[in-house]
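Commentary on secondary and tertiary structure
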Amino acid sequence: MGIKRFLTFLLFFIFIIPAPLYGEEALKIGRMKVSVWPEYDTPGVLVVYEGRFANKDAFPAAITFLFPKGVNKLTDACSLSPKGQHFCQLYDVEKRENYNQVTMNLPYGDFFIDFQYSPFKRGKDKFFEYVIQSRYDIMNLEVNIQQPLRSTNFSIQPAALKQTMESEFNQYHYSMKNIPAGQEVRFKINYIKQDNNPSVDIKFGGMARQDTTNRDIAILAAGAAIIIGFGVYRFLFRKSPSP
């Protein structure tokens with residue numbers, strides 16, 4: 001088999017063969033946890049989404065997430081394999097009237113997404129409203145909101161079901177079931193903080209993590225291309241008749 005024929009087949013294999021079709025309206029998130037940590041490792045808000053779709057056989061699939069309007073870039077956008085490996089994905093951000101819509105292709109139904117955004121105005125009195133909204137039904141939703149260090153008069157509406165202490169941080173926990181697609185789950189967060197410094201040293205927080213993530217994405221992309229090419233090459237040559 002000539003090299004041109006092999007490369008043509010490889011491109012067809014990667015880009016042309018479609019993923020299994022599955023109606024988006026039938027997709028459901030079995031479990032999702034959202035962590036909202038203001039002023040953790042930057043002066044903004046760190047938000048983490050991690051969860052699992054109930055429809056494992058629907059993947060790979062194109063998935064859409066809804067985030068606040070200030071979210072224009074993700075730090076991590078990953079799909080998790082059954083063995084827990086992170087496969088970081090490219091994504092598209094589309095600005096809508098009340099939120100930003102992010103679309104990505106997930107090879108597996110488990111996902112991990114995190115980002116930073118800055119909803120604060122200047123001053124010691126801090127307030128922001130975080131809205132969780134999904135294109136898909138959510139069977140089980142967990143929310144974790146963390147109080148920044150050196151803050152006072154911390155309050156959340158609605159009130160938390162449970163409060164814990166984790167590594168000097170007060171954390172507030174919520175648990176909800178059967179959230180229909182499109183329904184908004186709102187949290188109003190208020191507190192006073194005299195400084196604009198993050199709770200942990202920024203040198204070991206978001207900036208360092210973002211640099212590492214970009215390097216990991218490049219390594220994963222190169223490794224995936226090599227593995228796919230080698231696998232297809234072996235498959236084709238094994239099938240080729242001997243001269």
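Right above here is the structure, for reference.
Everything quoted here is computed from the prediction, not taken from an experiment.

Following the criterion strictly, the structure yields 18 aromatic pairs and no others. Considering the side-chain rings of W37 and Y40, the 5.0 Å spacing of their centres and the 70° angle between planes classify their relative orientation as edge-to-face. A relative accessible area of 22% places Y40 in the partly exposed class. Pairwise contacts between aromatic rings join Y49, F53, F59, F65, F67, F111, F115, Y117, Y130 and Y136 into one cluster. In this structure, K126 packs its charged tip against the face of F120, placed 5.3 Å from the ring centre.

Taken together, 8 strands build an open sheet; the order of strands is β5-β4-β8-β2-β1-β10-β13-β12 and the sheet is mixed. Each of the sheet's edge strands pairs with one partner strand only, and the pair in question is β5 (86-88) and β12 (162-166). On average, each strand axis in the sheet is inclined to that of its neighbour by 20°, with strand direction left out of account.

Thresholds, definitions, all that
Residues numbered from 1 in each chain as written. Predicted model: local features only at pLDDT ≥ 70, side-chain atom pairs only at ≥ 80, totals over all residues. Heavy atoms only, no water. Phe/Tyr/Trp six-rings, centres within 6.5 Å; stacked < 30°, edge-to-face > 60°. Buried < 20%, exposed > 50% of the residue type's maximum accessible area, 1.4 Å probe, protein only. Lys NZ or Arg CZ within 6 Å of the ring centre and 35° of its normal. Pairing = 2+ DSSP bridges. Helix = DSSP H or I, 4+ residues; strand = E, 2+ residues; numbered from the N terminus. Axes fitted to C-alpha atoms, helices over the stretch in contact; angles between N-to-C directions.

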